[in-house]
Amino acid sequence: ARALAEGRAWHVHQLEEEDTVDRELSLLGELDEALGKGEIQVLYQPKLDLKTGHISSVEALVRWNHGTRGFLRPDLFIPLAERNDRIAGLTLHVVGQTITDLLNWQSSGRQLTGAVNISAKLLNSAPFIADLREVVENSGISPALLTFEVTESAAMGDPAGASAALQSFRNLGIGISMDDYGTGQSTLSYLKQLPLNELKIDRSFVQFAHQNRGDGALVRSTIDLAHELGLKVVAEGVEEQACLDFLRAIGCDLAQGYLISKPVSAMELQPLLGRTYPLAA
Ligand code: C2E
Ligand code: MG
Ligand code: MG
Ligand code: MG
């Protein structure tokens, strides 16, 4: 009976695996069609300049408006795209859309910078860099208006390699931001070796920084050190006004989070661009 049960368990397990593989394959096929069908959309989450109270920058966050499954968040299909060599094409689509929207805002009198998330897989990809150069050059945008956000873990494995890869983006004129800082194992002294312009402190440290002494101290000292290294600092995941006020008081440059805005479409962003956000004196 035991052997039978084990056999059955194995069989069920096998079925589940096949099911997962099938689901992945069909989702992958749908992803290939999604770009052509216009289902891959870009939302923008603003970064608020804590000196002026105006939105000075946006982060592009990709969504898949799937025909039957509804809006899919990136965690669901970015890893799939990474595993199956679709991430370069997807990222170039996001970069292209972001450039188009930045140029539109520019012609309506709003000079914004735009950030795109770049997965580790694309560091050191010569074909991606070549295609990227073409997209940027053909668009006529000033590359200085673009930033790439790279996570700490992406850069950690191979510091020298990551540094060279990031430098190749910098050589195109694109800025580099370290995303989700604090969640990896790197130190600021390690980050000093990377060609960075900006540091984004992870939401997990920011969220309670105004009410938790330890988190507050961590955020404050990170800001001070980042400034010593010549980096701008963005706090992510700001959900409360008290948190925003605290961040501003300790010298944080920019803030992002649901308090300011969730990720929104280019059209929904428009009215936010004219706003002056309230900042404590
Ligand atoms: P991320 O770059 O760290 O983006 C921040 C995520 O936190 C976003 O989720 C955003 O909606 C969410 N968020 C922002 N403010 C708040 C807040 O105040 N509270 C809370 N609870 N959450 C907040 P999203 O859009 O689901 O993106 C998840 C991750 O997917 C991103 O993390 C990024 O690493 C990745 N991603 C998104 N778009 C792309 C893309 O085009 N390419 C690549 N390679 N990765 C992408
Ligand atoms: Mg990001
Ligand atoms: Mg982040
Ligand atoms: Mg984060």
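Residues numbered from 1 in each chain as written. Chains lettered and ligands numbered in written order. Predicted model: local features only at pLDDT ≥ 70, side-chain atom pairs only at ≥ 80, totals over all residues. Heavy atoms only, no water.

(A) Fine view of the coordination of the magnesium ion (ligand 3). Listed as protein donors to the magnesium ion (ligand 3) are Asp179 (OD), Asp180 (OD) and Glu236 (OE); their distances from the metal cover 2.1 to 2.3 Å. The sequence pattern formed by the donor residues of the magnesium ion (ligand 3) is D-D-x55-E. (Donors = N, O, S within 2.8 Å, 3.2 Å for Na, K, Ca; no water.)

(B) Broad picture of the environment of Glu239. With respect to the helices and strands, the residue Glu239 is situated in the loop between β8 (232–235) and α10 (241–249). According to the relative accessible area criterion, Glu239 is partly exposed, its value standing at 38%. Beyond its immediate sequence surroundings of up to four residues, Glu239 is in contact with Gln207, Tyr258 and Leu259. At 3.1 Å, the side chain of Glu239 and the side chain of Gln207 are in polar contact. (Helix = DSSP H or I, 4+ residues; strand = E, 2+ residues; numbered from the N terminus. Buried < 20%, exposed > 50% of the residue type's maximum accessible area, 1.4 Å probe, protein only. Contact = heavy atoms within 4.5 Å. Polar contact = N/O pair within 3.5 Å; in protein donor to acceptor, adjacent residues only side chain to side chain.)

(C) Spatial organisation of the UniProt feature "domain: EAL" (unreviewed entry) in the protein chain. If you check UniProt for "domain: EAL" (unreviewed entry), the listed places come out as residues 24–277 in our numbering. In residues 24–277, helix accounts for 46% and strand for 21%; the two terminal C-alpha atoms are 43 Å from one another. (UniProt positions renumbered as here; feature names shortened; annotations may be inferred.)

(D) Main features of the coordination of the magnesium ion (ligand 2). Within the protein, the magnesium ion (ligand 2) binds to Glu59 (OE), Asn117 (OD1), Glu149 (OE) and Asp179 (OD); these donor distances fall in the range 2.0 to 2.3 Å. When the donor residues of the magnesium ion (ligand 2) are listed from N- to C-terminus, their spacing reads E-x57-N-x31-E-x29-D.

(E) Molecular detail of the pattern of salt bridges. Applying the stated rule across the entire model yields 11 salt bridges. With a closest N to O distance of 2.9 Å, Glu24 and Arg83 form a salt bridge. Highlighted residues: Glu24 in helix α1 (residues 2–36) and Arg83 in helix α2 (residues 74–83), separated in sequence by 59 residues. On the accessibility criterion, Glu24 (24% relative accessible area) is partly exposed. Glu59 serves as the salt-bridge partner of Lys200, at 2.9 Å between the closest nitrogen and oxygen. (Salt bridge = Lys/Arg side-chain N within 4 Å of Asp/Glu carboxyl O.)

(F) Spatial organisation of the site of ligand 1. Taken together, 23 residues form the shell around ligand 1, and within it Arg63, Arg73, Asp179, Glu239 and Tyr258 come nearest. Contact between ligand 1 and Glu59: an oxygen atom at 2.9 Å from a side-chain N or O atom of the residue. Between ligand 1 and the protein, one listed contact pairs an oxygen atom with a side-chain N or O atom of Asn117 at 2.9 Å. Calculation on ligand 1 without its partners gives an accessible area of 810 Å², and the protein chains cover 85% of this total. In this structure the site holding ligand 1 corresponds to the largest pocket. For the shell around ligand 1, the secondary-structure elements that each account for two or more residues are β2 (55–66), α2 and β6 (175–181). Broken down by element, the shell around ligand 1 gets its largest block of residues, 4 residues, from β2. In terms of residue class, the shell around ligand 1 is built from 8 nonpolar, 5 polar and 10 charged. (Near = heavy atom within 4 Å. Areas by Shrake-Rupley, 256 points an atom, 1.4 Å probe, with all protein chains shown as cover. 1 Å grid on protein atoms, 1.4 Å probe; cavity = no way out; pocket = protein on both sides within 12 Å on 5 of 7 lines; lining within 4 Å. Sits in = over half its atoms within 2 Å of the grid points. Nonpolar A, V, L, I, M, F, W, Y, C, P; charged D, E, K, R; others polar.)

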